Structures are given as C-alpha cells and as structure tokens.
Amino acid sequence: MSQGNYISVNGSFVPATDYRISLNESDDFLFSVKIRSVRSAFPFFGESLKMIKLNFLLFNQVYPELTESDGAELKRQMERTLTKNKQFMGSILTIRFWGSEQKVNYSIQSEKLESINYQLNTNGLYVAVFPEIKKAAGSLSNSAPGSELYWKLAEIHLKGSSFDQFMILNTEDLIVEAIRSNIYLIKRNTVFGASVQQGAFADITKPMMLTIFEQLKLSYSENDGITMQNLLDADEILLVNAISGIQWVVGFEGKRYFNNVIRKINDLFVRSLTN
C-alpha cells in the first residue's frame, strides 16, 4: 500500500510530509475508523456510518455535520481526499476524530491498495492462539473501542512470531475472534461462529455473512462457542472484516484446511458488493 500525498484535516488539505499530530489531537483523540473504496463506491458505508454514530454516543459527543443526511458530507470529503491523491481505484481511508474547543475535529488519510476489488488470498494464513491476554465479555466487547486494546497487544506479539494472524480467547478459553476480524469454522454443511455474549467483536460484515450462509444452504450456529478442538476438527476456516474481505486460513498447529466452500462464499461476497 502507498499513502496519499495529502491528508484532509477538517476539510483542508495538508501535505502528508508536513503533517504533524498536534498535542490536542493526541490528548483528545476519540476513535478512528477505516473504510474501503472500490472505484467510486464505498462498500459498507452505511454500516460504517452507524458505527461512527454509536462511537460518538459512547464518547458523549454531538454528531458533527459529517454524519448528517446519511453521511453525505463525510462521503464528499472522502471523495475529495481520493481525488486529491489521484487514488481512483482501490484504497483504504482512515478517518480519525478528536475533540478540541468543544467541537469534533477529523482527519482523512488514504492509502492505495494493489487490488481494486476484494480478493480471496491465494496463500492461506497460518494462525495461532494468542494466550497472553484473555478478553472478557462485557457491554463494549462487541465494539471496536472495547476490542482495540486486545488487538493492539496481539499485533505487537504477532510481529515477533512466524504466524500471519492470532486468534483471541475469552476468559472461558473460547476463541471469539482474530485481530480485527470475525472467525467462522466450516464443518460439513454447518458454519460455526462466536457470539457477542461470549465477548466476540461484531464486524459490520456479519449480517451479510449470515445471508450468504443461508443462500448456500449452510446452517449457522454460535451457541456453544469455538474451542481449540473445534479448530482441529474443522474442514475450513475463514476470517472476515470489511477492509480485507474474506481471508482463508490454511493452517493451525498441524492441521491444514481446504477452501472449497470458502471460494463459493467469497464469490457471493464480492458479487453482493459489486452488483
């Protein structure tokens, strides 16, 4: 990925090489979100907007003008940022919010992707369980603000490992998610997932995934949770989020996995977003 040459700060462009995070932006940082662009479209924009509004409620902030009229101004500023950086195909936009002088401020940064559309990874991911910190289920555990600390700690440990992804345990030793992604296991004609009651992060792709499972006549269950033995017994494993799309897991410990059903799921996922 290559970062854009300009960053939008409250609607004004600043050269990326000159931009410095101010003390106010650092001390009063609220949250950030990432939104993917595919050509002129923003998949999951409506779902992302709902998440932004929810985060403002959590941080006791008034919605800025960006979120009014179904996010028309936010979308316009995102489009301006892509145009300014000449990134018209596939990109990721990072929107950061912070409070200052009793108002919400924002910045928008874009990064160009090598692939325009969502693509299933050719080489599967090798995953492991992150045992250092266990995630407790609570009122915020299904949200990004309530999950971010666990993800950051796992990412730090991942850098020094030989794995592509870590899976996160809850306090009951059930696997609830991967870093910034939901996890699904496929065993015969059933898909197994983790529930928010178990502490799982609810990615904005989940409603679409449930629809896709139904279209493929796959039953879905998350009542019993996911154990490490379930991973070893699974036929296929996939990780999903709104930025990377569907990612195929090829290996966990000594087990190797297929991607026959995952390819069908990915085809419906991409088709649903491009039609």
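**Student:** Run through the packing of aromatic side chains, naming residues and quoting values.
**Tutor:** By the definition in use, this model includes 14 aromatic pairs. Where W151 meets F201, the ring centres are 4.8 Å apart and the plane angle is 85 degrees; that geometry is what we call edge-to-face. One end of the pair, W151, is in helix α4 (residues 144-159); the other, F201, is in the loop between β11 (190-192) and α5 (206-215), with 50 residues separating them in the sequence. Three or more aromatic residues joined by ring pairs make a cluster, and in this case those are F31, F56, F59, Y63 and F97. Looking at K75, its charged tip hangs above the ring of F45, at a distance of 4.7 Å from the centre. Looking at K84, its charged tip hangs above the ring of Y6, at a distance of 4.6 Å from the centre.

**Student:** I'd like a rundown of the environment of N182, residues and numbers included.
**Tutor:** Checked against the element boundaries, N182 lands in strand β10 (residues 182-187). Contacts of N182, omitting those with residues within four sequence positions, involve F201, A202, D203, K206, L238, L239 and V240. Within polar-contact distance, the side chain of N182 engages the backbone oxygen of F201 at 2.5 Å.

**Student:** Give a detailed account of the packing of α5 against helix α7 (residues 260-274), specifying residues and quantitative values.
**Tutor:** Contact geometry of α5 with α7 gives a least axis separation of 10 Å together with a crossing angle of 125 degrees. Relative to α7, the element α5 lies oblique. Crossing of α5 over α7 shows right-handed handedness. For the pair α5 and α7, the contacting residues are M208, M209, I212, F213 and Q215 in the first and I265, L268, F269, S272 and L273 in the second. Taken together, the residues of the contact of α5 with α7 break down into 8 nonpolar, 2 polar and no charged.

**Student:** Requested: an account of α5, with residues and values cited.
**Tutor:** Considered for burial, the residues of α5 that qualify are K206, M208, M209, I212 and F213. The buried residues of α5 occupy an angular sector of 155 degrees when the element is viewed end-on, so they sit on one face. Among the exposed residues of α5, those pointing more than 90 degrees away from its buried face are P207 and E214. Close packing links the buried residues of α5 with β10, β11, β12 (219-221), β13 (236-241), β14 (245-252) and α7. Of the residues trailing α5, K217 is marked for its positive phi of about 60 degrees.

**Student:** Can you lay out the side chain of K135 for me, pointing to particular residues and giving the numbers?
**Tutor:** In this fold, K135 is placed in strand β7 (residues 125-135). Engagement of the side chain of K135 in a polar contact is seen with the side chain of E177, the distance being 2.9 Å.

**Student:** Give me the nonpolar core: which residues, what numbers.
**Tutor:** One finds M209, L238, I246, I265 and F269 to be the most contacted residues of the largest nonpolar core, which totals 25 residues. Of all the secondary-structure elements, those providing two or more residues to this core are β10, α5, β13, β14 and α7. If you tally residues by element for this core, the top one is α7, at 6 residues. Formed by 19 residues, the second largest nonpolar core is a distinct cluster that contains I35, L93, I95 and I108.

**Student:** Which residues make up the layout of surface pockets, and what values do they have?
**Tutor:** The computed volume of the largest pocket comes to approximately 1400 Å³. In terms of lining, the largest pocket is formed by 46 residues, of which the most central are K34, E155, R180, N241 and I243. Within the residue set of the lining of the largest pocket, elements represented by two or more residues are β4 (29-38), α2 (45-58), β5 (90-100), α4 and β13. Each residue belonging to the lining of the largest pocket can be placed in one class, and the counts come to 22 nonpolar, 13 polar and 11 charged. If you go around the second largest pocket, you meet 15 residues; those closest to its centre are M51, L54, N142, S143 and A202. Contributions of two or more residues to the lining of the second largest pocket are made by α2 and α4. Broken down by element, the residue count for the lining of the second largest pocket peaks at 6 residues, all from α2. Residues of the lining of the second largest pocket, tallied by class, amount to 9 nonpolar, 4 polar and 2 charged.

**Student:** Could you give an account of the pairing of β4, naming the residues involved and the relevant values?
**Tutor:** Residues in a regular strand project their side chains so that they alternate between the two faces of the sheet. Across the 10 residues that make up β4, a large majority, 7, are buried. Alignment of β4 against β5, held across 9 bridges, turns out to be antiparallel. Among the inter-strand pairings, F29 is bridged to a residue of β5, identified as W98.

Conventions used here
- Residues numbered from 1 in each chain as written.
- Predicted model: local features only at pLDDT ≥ 70, side-chain atom pairs only at ≥ 80, totals over all residues.
- Heavy atoms only, no water.
- Phe/Tyr/Trp six-rings, centres within 6.5 Å; stacked < 30°, edge-to-face > 60°.
- Helix = DSSP H or I, 4+ residues; strand = E, 2+ residues; numbered from the N terminus.
- Lys NZ or Arg CZ within 6 Å of the ring centre and 35° of its normal.
- Contact = heavy atoms within 4.5 Å.
- Polar contact = N/O pair within 3.5 Å; in protein donor to acceptor, adjacent residues only side chain to side chain.
- Axes fitted to C-alpha atoms, helices over the stretch in contact; angles between N-to-C directions.
- Parallel < 35°, antiparallel > 145°, perpendicular 65-115°, else oblique.
- Left-handed = near helix turned anticlockwise from the far one by under 90°.
- Nonpolar A, V, L, I, M, F, W, Y, C, P; charged D, E, K, R; others polar.
- Buried < 20%, exposed > 50% of the residue type's maximum accessible area, 1.4 Å probe, protein only.
- Arc of directions from axis to C-beta.
- Core = buried A, V, L, I, M, F, W, Y, C linked by side-chain atoms within 4.5 Å.
- 1 Å grid on protein atoms, 1.4 Å probe; cavity = no way out; pocket = protein on both sides within 12 Å on 5 of 7 lines; lining within 4 Å.
- Points joined across faces, edges and corners; volume = space filled by probe spheres on them.
- Pairing = 2+ DSSP bridges.

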